[in-house]
Amino acid sequence: MHHVKKKIARIVDELITFFYAAGGTDFDIKIREDEEQHAIFFRSNYDEAHFPKIEQLCRYLNQGRSPAVEESYWGLAGGGDLEAESEMLLIGAMIDHADIKIKDGYITFYLYRYRG
Amino acid sequence: MFPIENFKETIRMKPFIFARKLLWLICGSLFLFAFLTGSPMEILGGMWRIVQHKAGLIADNFAVGGIAATFFNAGCIMAIALLLFQILKVNITGPGIACILLCAGFSMFGKDIINIWPIIAGVFLYAKRHKDDFNKYIYNALYGTALAPIITEIAQIRGDWITFAIAILIGLGIGFILPPLSTYCLRVHQGYSLYNVGFSAGLVGTLAVSIMRSFGYKPESQLVWVYENDVRVLVYLLVLFAGLFVLGWYLSGWSIKTWFQIFRHSGRLMSDFVLMDGLPPVLMNMGSLGIVSVLYLLAIGGSVNGATIGGIFTIVGFGAFGKHMKNVLPIIAGVVLGSLLKIWNIYDPSVQLAALFGTCLAPISGQFGWKYGVAAGFLHSSMVLSIGVFHGGLNLYNNGFSAGMVALILVPLIESIEGEKLNHASR
């Protein structure tokens, strides 16, 4: 397993880019790693008009990790256009599990990426 | 719950299980068609000729080994790809369908049951070198076989065990360098060319052929092409694609609305239509693209032979991973327009392939609009006919190489023109 940290950075980059496009102006980001996994905490506000896209993002983030897709296409993550749907799908392929909470105009993600 | 509802629920919840079974069915149909059109001895003889023949562009296996052996070879390669997915426990969704059908398609002109292995083994060594599971690199391994003709070419220089061993070593080397290079190349075209490995394989092929030339060996491209259409092949293809469409239509509750919903996607990498919209509309998309591709070739007076079926299978496969009617047709229109203004004809072999394989630039029309798609197709048809000389026809994905170049030039230009409209949040 290589480029692990670069991939984590790309995931965060994509989320920031996505939420900028979704009207986000207030971001909290935390990354924590231990022996078993990397955990990304991401919190942002958003413009209600973009809620359908955010719902779609939530669906993509819970599709389950796909190591083969990740290894072939992770190079695309982090460099794309705002709101690029295809790259959200890619982020979904790069994480194992997502806990998502939506409250008071803010969305909070806990994204987990197991090692190995 | 009735069994049929169970069946539909399985497709909705676990599309990869149904996709795998469907691909095995298509694989079986290739074998069946082979045995319906030729005897076992004819197939055996044809396979021997295919394995021995130079595999570089353009060697239509219909002419080299006959129709039956061509389909048998395609069935074998497709079965190998499917087995690899199954053994390595990789789920088959859009990227998997595209990869497996592409392999089957290119087995009709270039890939055979011998020349693919050194590159696959090279990618395996790369995975082991990085202490990774091979299943992460399955796409690199299978797509990487674009350079399989180099193995055949080198092995035949003297035809003895020394050149055979050198060919294997070079194949291992190619497989070893392709994964990191392919990842890097993605950044260059930003996912606007669907045949990413075609771009990286083009670069590796150019390097390999340059080295071969500097040692005095000059691989030459070839044109082995069947011009007549075989009715049996046409019937097989149209039944297969109509079957896919009808199956998808049925699974969608006899509604084509879901198929049209696919058209809203740009198709840019990595647009996995199976995960985005479900398998039933994807089947309609694949079937319709296949039918239109066949009809296009017939309309222009082209040939439905091994090479063009390779293009058709690739389009159909990428119907699950980036291509749909709305983003593909402008590219084809650009190639057609080019043939009206340029010095070649729309029915010339290379131009037929340019129209089919050039559709890997479909994300450009999907993202920026049909006009840019037409421009991409127009430019691609010029680029692809000039660029093959660099790798001596030994990169089977010559169109992917060309498309990567076109995307690299065109996309920044389009973004500079359209940037403010596209990136409204960048203000």
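Cut-offs applied
Residues numbered from 1 in each chain as written. Chains lettered and ligands numbered in written order. Predicted model: local features only at pLDDT ≥ 70, side-chain atom pairs only at ≥ 80, totals over all residues. Helix = DSSP H or I, 4+ residues; strand = E, 2+ residues; numbered from the N terminus. Rg over C-alpha atoms; globule rule 2.2 N^0.38 Å. Contact = placed C-beta atoms within 7 Å. Buried ≥ 20, exposed ≤ 12 C-beta atoms within 10 Å, placed from the backbone. Pairing = 2+ DSSP bridges. Axes fitted to C-alpha atoms, helices over the stretch in contact; angles between N-to-C directions. Core = buried A, V, L, I, M, F, W, Y, C linked by C-beta atoms within 7 Å. Domains from an automatic or database assignment. Parallel < 35°, antiparallel > 145°, perpendicular 65-115°, else oblique. Left-handed = near helix turned anticlockwise from the far one by under 90°. Nonpolar A, V, L, I, M, F, W, Y, C, P; charged D, E, K, R; others polar. Expected span 1.5 Å × (residues − 1). Arc of directions from axis to C-beta.

Asks: Explain the overall build of chain B residue by residue, including any values.
Replies: The secondary structure content of chain B amounts to 21 helices and zero strands. A compact globule built from 427 residues should have a C-alpha radius of gyration of about 22 Å, and chain B, at 20 Å, falls within 12% of that. Along the first, second and third principal axes, the C-alpha atoms of chain B reach 60 × 55 × 50 Å. Counted over contacts in chain B with a minimum sequence separation of 6, partners at least 24 positions apart contribute 79%.

Asks: Just give me the short version of the overall build of chain A, but keep the residues and values in it.
Replies: For chain A, the count of helices and strands is four helices and four strands. What you see for chain A is a C-alpha radius of gyration of 13 Å, in line with the 13 Å of a compact globule of 116 residues. Along the longest, intermediate and shortest principal axes, the C-alpha atoms of chain A span 40 × 25 × 20 Å. Looking at chain A residue by residue over its 116 residues, the buried ones come to 42%.

Asks: Go over the pairing of strand S3 (residues 97–103) of chain A with me, naming the residues and quoting the values.
Replies: Residue and element names in this part refer to chain A. As paired strands, S3 and strand S4 (residues 106–114) are joined by seven bridges and run antiparallel to one another. In the strand pairing of S4, Lys 103 is matched with Tyr 106. Linking S3 to S4, which pair antiparallel, is a turn of two residues; within it Asp 104 sits at a positive phi near 50 degrees.

Asks: Hey, could you go over the pairing of S4(A) for me, with residue numbers and the actual values?
Replies: Here nine bridges tie strand S2 (residues 37–45) of chain A to S4(A), and the two strands are oriented antiparallel to one another. Bridge assignment links Phe42(A) to a residue of S4(A), and that residue is Phe109(A).

Asks: Describe the sheet that holds S4(A), with residues and values.
Replies: All names here are of chain A. The four strands lie next to each other as S1-S2-S4-S3, forming an open sheet whose pairing is antiparallel. Looking along the sheet, the strands with just one partner apiece sit at the ends: strand S1 (27–33) and S3. Pairs of neighbouring strands in the sheet enclose a mean axial angle of 10 degrees, with direction left out of account. Examined bridge by bridge, S1 and S2 share seven bridges and lie antiparallel to one another. Among the inter-strand pairings, Ile 31 is bridged to a residue of S2, identified as Ile 40. Of the strands in this sheet, S1, S2 and S4 are in contact with helix H1 (residues 4–21), which crosses S2 at around 10 degrees.

Asks: Report on the nonpolar core, specifying residues and quantitative values.
Replies: Residue and element names in this part refer to chain B. Counting residues in each nonpolar core, the largest one holds 184 residues, and the members touching the most others are Met 78, Ala 81, Ile 100, Cys 103 and Leu 361. For this core, the element with the most residues is helix H5 (residues 67–87), which contributes 13 residues. Counting the residues that make up this core, at least three belong to each of domain 1 (3–188) and domain 2 (231–419). Aside from chain neighbours lying at most four places away, what touches Leu 361 is Tyr 192, Ser 193, Ile 331, Ala 376, Gly 377, His 380, Ala 403, Val 406 and Ala 407.

Asks: How would you explain the packing of H5(B) against helix H6 (residues 94–106) of chain B if you had to name every residue and give the values?
Replies: All names here are of chain B. Taken N-terminus to C-terminus, the directions of H5 and H6 make an angle of 150 degrees; their axes are 8 Å apart at the nearest point. Compared by their axis directions, H5 and H6 come out roughly antiparallel. At the point where H5 passes H6, the crossing takes the right-handed sense. For the pair H5 and H6, the contacting residues are Ala 74, Ile 77, Met 78, Ala 81, Leu 82 and Phe 85 in the first and Gly 96, Cys 99, Ile 100, Cys 103 and Ala 104 in the second. Each residue belonging to the contact of H5 with H6 can be placed in one class, and the counts come to 10 nonpolar, one polar and no charged.

Asks: So what's going on with the interface of chain A and chain B? Which residues, and what values?
Replies: Taken residue by residue, the interface counts 23 residues in chain A and 29 residues in chain B. Here the element with the most residues in the side of chain A that touches chain B is helix H3 (residues 67–73) of chain A; it accounts for six residues.

Asks: Mind laying out the packing of helix H7 (residues 117–129) of chain B against helix H10 (residues 161–189) of chain B, listing which residues take part and the relevant values?
Replies: Residues and elements named next belong to chain B. Axis separation between H7 and H10 bottoms out at 6 Å; the angle between their running directions is 50 degrees. Put simply, H7 runs oblique to H10. Crossing hand, H7 versus H10: right-handed. Here H7 contributes Pro 118, Ile 119, Ile 120, Ala 121, Gly 122, Val 123, Leu 125 and Tyr 126 to the contact with H10, which in turn contributes Ile 168, Gly 171, Leu 172, Gly 173, Ile 174, Gly 175, Phe 176, Leu 178 and Pro 179. Residue classes in the contact of H7 with H10 are distributed as 13 nonpolar, four polar and no charged.

Asks: Run through helix H12 (residues 231–251) of chain B, naming residues and quoting values.
Replies: All names here are of chain B. In a regular helix each residue adds 1.5 Å, so 21 residues correspond to 30 Å; H12 covers 30 Å between its end C-alpha atoms and thus fits that length. Among the residues of H12, Val 233, Tyr 236, Leu 237, Leu 240, Phe 241, Leu 244, Phe 245, Gly 248 and Leu 251 are the ones counted as buried. Viewed end-on, H12 has its buried residues packed into an arc of 155 degrees, placing them on one side of the element. Across H12 from its buried face, at more than 90 degrees, point the exposed residues Val 231, Arg 232, Val 235 and Val 239. Note on H12: the residue one or two positions beyond its end, Gly 253, has a positive phi of about 70 degrees.

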